[in-house]
Amino acid sequence: NHGVIHGSWPNLSGKPRVALVLGICPIDAQLLHYVCRDGEIVEVYKMQKDSLYTLRKGGNPHGGELMKTHPFKFSLFSENEFKVWLNHQEK
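Residues numbered from 1 in each chain as written. Predicted model: local features only at pLDDT ≥ 70, side-chain atom pairs only at ≥ 80, totals over all residues. Heavy atoms only, no water.

K.L.:
Just to check I follow, could you spell out the overall build of the protein chain for this structure?
P.N.:
Along the protein chain, the regular secondary structure elements total two helices and three strands. Along its sequence from the N terminus, the protein chain presents helices and strands in the succession β-β-α-β-α. The C-alpha radius of gyration of the protein chain comes to 16 Å, more than 25% above the 12 Å expected for a compact globule of 91 residues. The principal-axis extents of the C-alpha atoms in the protein chain amount to approximately 40 × 40 × 30 Å. (Helix = DSSP H or I, 4+ residues; strand = E, 2+ residues; numbered from the N terminus. Rg over C-alpha atoms; globule rule 2.2 N^0.38 Å.)

K.L.:
Could you clarify how one ought to interpret the sheet that holds strand 2 (residues 41-47) in this entry?
P.N.:
In a beta sheet, neighbouring strands are held together by backbone hydrogen bonds and run either parallel or antiparallel to one another. With antiparallel pairing, three strands are arranged side by side in an open sheet as 1-2-3. On the outer flanks of this sheet lie strand 1 (31-36) and strand 3 (65-71), each paired with one strand and no other. Adjacent strand axes in the sheet meet at a mean angle of 25 degrees, parallel and antiparallel pairs treated alike. Of the pairings in the sheet, the one linking strand 1 to strand 2 comprises six bridges and is antiparallel in character. Residue pairing across strands places V35 opposite E43, the latter belonging to strand 2. (Pairing = 2+ DSSP bridges. Axes fitted to C-alpha atoms, helices over the stretch in contact; angles between N-to-C directions.)

K.L.:
Looking at this structure, I do not really get the environment of K57. What am I missing?
P.N.:
Mapped onto the secondary structure, K57 falls in the loop between helix 1 (49-52) and strand 3. Among the residues examined, K57 registers a relative accessible area of 89% and is labelled exposed. Along the backbone, K57 and V35 are 22 residues apart, and their C-alpha atoms lie at a distance of 9.9 Å. (Buried < 20%, exposed > 50% of the residue type's maximum accessible area, 1.4 Å probe, protein only.)

K.L.:
Explain the side chain of S51 here, please?
P.N.:
Among the secondary structure elements, S51 is positioned in helix 1. Assessed through its relative accessible area of 12%, S51 is described here as buried.

K.L.:
Please clarify how a nonpolar patch on the surface should be interpreted in this entry.
P.N.:
A cluster of nonpolar side chains, L20, L22 and I24, forms an exposed patch at the surface whose accessible area comes to about 440 Å². Tracing the backbone shows L22 in the segment before strand 1. L22 sits in the exposed class, given a relative accessible area of 64%. (Patch = residues over 30% accessible without salt bridge, like charges linked within 9 Å, V, L, I, M, F, W, Y side chains within 5 Å. Areas by Shrake-Rupley, 256 points an atom, 1.4 Å probe, with all protein chains shown as cover. Salt bridge = Lys/Arg side-chain N within 4 Å of Asp/Glu carboxyl O.)

K.L.:
Help me understand the environment of V44, please; the structure alone is not making it clear to me.
P.N.:
Checked against the element boundaries, V44 lands in strand 2. Given a relative accessible area of 1%, V44 falls into the buried group. In the structure, V44 is positioned 11 residues away from H33 in sequence and 5.9 Å away in space, judged by C-alpha atoms. When sequence neighbours within four positions are dropped, the list of residues in contact with V44 reads L32, H33, Y34, E65, L66, M67, K68 and H70. (Contact = heavy atoms within 4.5 Å.)

Structure follows, in structure tokens:
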């Protein structure tokens, strides 16, 4: 699920880090890619399958068609609030 909080430690090895992204969807589904550059505006791109293979972090989605933009405000929470949330998820 791409909605899961995820990340990794910085790659300090000087060697490329191989990564895999896997998604499954119906064959006729319209693929979308969401980009938030400034923490306040989200761009929604209509994507073709082949364009998703070439996505690069921080760049424009080549081959994507900008469909719309909309405001979005990320909710910030404390470390303690996160721990409470995490404990609730594990039950």
